Structure formats: structure tokens, C-alpha cells
Amino acid sequence: KIFSSLYIHMAKSGELGGNLDRLLLRLGKHLEKENETISKIKSSLAYPTLIVGVGILTIFVLLTFVIPRVSVMFEDLDQTLPLPTVILVGLSGFLASYWWVILGFVVSMGLGIRQWLRTVNGRMRFDRWKLKTPVLGHYVETVEIGRLTRTLATLLEGGITITMALNSVWATIENLVLRDEIKQVAQKVSNGSSLRSALGQSLYFPEIAVNMIAMGEETGQLDKGLYKVADTFEKQADQLSKTMVSLLGPIVLIV
């Protein structure tokens, strides 16, 4: 239950081929590279997450506790207030009286969405939505393709057959839509199709990645072609992450 199919197939291949030590070293390097990528993503998102959290808390405190006290001055002016000011004062008065109801509703909604995302249908819909979102979808595809190709290259370099590797590698993909796509690719390759042809029919695999993999197949160095794809897409994912993070801070401040 602890070890994934990637570990199991790598160990099995190493035991059968008598090179278990080298395969475990390759697996260790692969995991270090993957953890490095995940750490970069988490560290780059830490600052924007803090800014968003503090911003939401600040707006909530202003509307709920500060503006109701300040709005008393408007009553003394005895003048007609602009519509935006009337809306703001009314909203702050509502929040001041019923903030606990809204907080309970938000918490309930959060717990409900969390439970929904734990279902297969909910997670599938959410993952499909992420892929359709303009910038986020491209980023998710880039990260997943980089992880997929590096894992697949590690398995092939360890002597595992392409069909067995494909049937193992889909478990490393977090997005369920892309996971199903790779399952279909594995089925096509098992039925005799080339990896290039199977990936070429996928809606989510870019043409540049398919062409690089095709060159690896034609030269008999598929693992090296996959490593090249992984390096390219991991660099793109790193650049996209930096771009999104650098834009997120100013956007949050503007809002």
C-alpha cells in the first residue's frame, strides 16, 4: 500500500536483469528531481497565497467592523449619498449584523466542495475545468507532461518494456482527465500502435513533444527523447510558474 506501481516495476526489472542497484539509483534521482519541481511550485505560490489571504481578511474586517462606525458620519451630513456609497454602507451593515451566518455558509460551502472533490465525478469535472482554463490549463498540461515523460524515460532506461511502463506510469499523473488519456494511449500501444501514433491522437499532447518522441523512436533512443521532452517541459513549467506568480501579486493588489 505504501509503494506505487513505479517502485514495484522498477524493483522487478532490476531483480530480473541483475542491476537492481543501478535502477534504485535512477529511481532516487527521479524522485529527487520530482520533489525539486514540487518544492519550486510550492515556494513560488507561498507569497501570493499570503497576500490573497491577508487581503480577504482585511476587506472582511473593514466591511464588518470599520465602515459601520464610520457611516454614522454620513447620517449627520443630511445629504443624498451616491449610489456606490449607499450600496457599500448597506453591505457593511448587513455583514455587521449577519457576519456569523455568512462565515458559517462559507465554511459549509468549503466543506461541501471538499467532499465533492473527493468523489470521482467531482474530481474529474474539476480537473477538466482546470485544463480548459486559459493559463492554468496550459500550466497543468506542461507540468504533467514533464512528470510523465521523465518517469517513462526512467522506466525504459531501466529495461522495462514500453507497454509495462505505460501501464505503470499513468498512476503518477494527478489530473484524472490526463490519466484517462494515458490509459487509452497504453491500450493503443498494447494493441500494436506506436507511441508516436498513440500520443498524436491525444487532445492534450503538444505536437512538439510528439515529434521529439518520434525522433527517439526512429533512432532507437526513446528514453533519451523522453528525457529531452521532460527537460523542455519542466523548464517551460518553471517559467510559467514564475510568470503567473509575478502577475498574481499586482493583480491582487489592484483588486
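Residues numbered from 1 in each chain as written. Predicted model: local features only at pLDDT ≥ 70, side-chain atom pairs only at ≥ 80, totals over all residues. Heavy atoms only, no water.

Peer 1: Summarise the packing of helix H5 (residues 120–132) against helix H6 (residues 134–157); cite the residues concerned and give the values.
Peer 2: The N-to-C vectors of H5 and H6 enclose an angle of 105 degrees; their axes lie 5 Å apart at closest approach. Between H5 and H6, the interaxial angle falls into the category roughly perpendicular. Taken together, the residues of H6 that come into contact with H5 (itself represented by Trp129, Lys130, Leu131 and Lys132) are Pro134, Leu136, Gly137, Val140 and Glu141. Here the residues of the contact of H5 with H6 are counted per class, giving 5 nonpolar, 1 polar and 3 charged. (Axes fitted to C-alpha atoms, helices over the stretch in contact; angles between N-to-C directions. Helix = DSSP H or I, 4+ residues; strand = E, 2+ residues; numbered from the N terminus. Parallel < 35°, antiparallel > 145°, perpendicular 65-115°, else oblique. Contact = heavy atoms within 4.5 Å. Nonpolar A, V, L, I, M, F, W, Y, C, P; charged D, E, K, R; others polar.)

Peer 1: I'd like to hear about the environment of Leu23, residue by residue, with values.
Peer 2: The residue Leu23 is located in helix H2 (residues 20–70) in this model. Here Leu23 falls in the buried class, since its relative accessible area comes to 1%. For the pair formed by Leu23 and Ile2, sequence separation is 21 residues and the distance between their alpha carbons is 19 Å. (Buried < 20%, exposed > 50% of the residue type's maximum accessible area, 1.4 Å probe, protein only.)

Peer 1: I'd like a description of the packing of aromatic side chains, backed by residues and values.
Peer 2: Taken as a whole, this structure holds 2 aromatic pairs when the rule is applied. With centroids separated by 5.3 Å and ring planes inclined at 40 degrees, the aromatic side chains of Phe94 and Tyr98 adopt a geometry described as tilted. Taken together, the residues span about one helical turn, with Phe94 and Tyr98 both in helix H4 (residues 83–118) at a distance of 4 residues. Judged by relative accessible area, Tyr98 falls into the partly exposed class, the value being 42%. Considering the side-chain rings of Phe126 and Trp129, the 5.8 Å spacing of their centres and the 25 degrees angle between planes classify their relative orientation as stacked. With Phe126 and Trp129 both in helix H5, this residue pair falls 3 residues apart, about one helical turn. (Phe/Tyr/Trp six-rings, centres within 6.5 Å; stacked < 30°, edge-to-face > 60°.)

Peer 1: Requested: an account of the side chain of Glu234, with residues and values cited.
Peer 2: With respect to the helices and strands, Glu234 occurs in helix H11 (residues 222–254). In terms of polar contacts, Glu234 uses its side chain to reach the side chain of Arg150, at 2.8 Å. Look past the residues within four positions of Glu234 in its chain and what remains in contact with it is Lys33, Gly146 and Arg150. (Polar contact = N/O pair within 3.5 Å; in protein donor to acceptor, adjacent residues only side chain to side chain.)

Peer 1: Describe in detail the pattern of salt bridges, supporting the description with residues and values.
Peer 2: Applying the stated rule across the entire model yields 6 salt bridges. Notably, a salt bridge pairs Asp127 with Lys130, separated by 3.4 Å at the nearest N-O pair. Of this pair, Asp127 and Lys130 both sit in helix H5, 3 residues apart, which is roughly one turn of the helix. Of the two residues, Asp127 and Lys130, neither departs from the other in class, the shared state being buried. Taking the shortest distance from any N to any O, the salt bridge between Arg150 and Asp231 comes out at 2.4 Å. (Salt bridge = Lys/Arg side-chain N within 4 Å of Asp/Glu carboxyl O.)

Peer 1: Break down the confidence of the model for the protein for me, citing the residues and quoting the values.
Peer 2: When the pLDDT values of the protein are averaged, the result is 83; 97% of them are 70 or greater. In the model of the protein, helix H1 (residues 5–17) stands out as the element of lowest mean pLDDT, 72, in contrast to H5, which has the highest, 91. (pLDDT = per-residue confidence, 0-100.)

Peer 1: Kindly report on the nonpolar core, identifying the contributing residues and their values.
Peer 2: Within the largest apolar cluster, 37 residues are counted, with the highest numbers of intra-cluster contacts made by Leu152, Leu166, Leu195, Phe205 and Ile213. Mapped onto this core, the elements with two or more residues apiece are H2, H5, H6, helix H7 (162–169), helix H8 (176–190), helix H9 (195–200), helix H10 (207–218) and H11. Not counting residues within four places of it along the chain, the set of residues in contact with Phe205 comprises Ile145, Leu148, Thr149, Ile182, Leu199, Val210 and Ile213. (Core = buried A, V, L, I, M, F, W, Y, C linked by side-chain atoms within 4.5 Å.)

Peer 1: With reference to specific residues and values, describe the environment of Asp238.
Peer 2: Among the secondary structure elements, Asp238 is positioned in helix H11. Residue Asp238 is classed as partly exposed on the basis of its relative accessible area, which comes to 25%. Between the C-alpha atoms of Asp238 and Val143, which are 95 residues apart in sequence, the distance is 8.7 Å.

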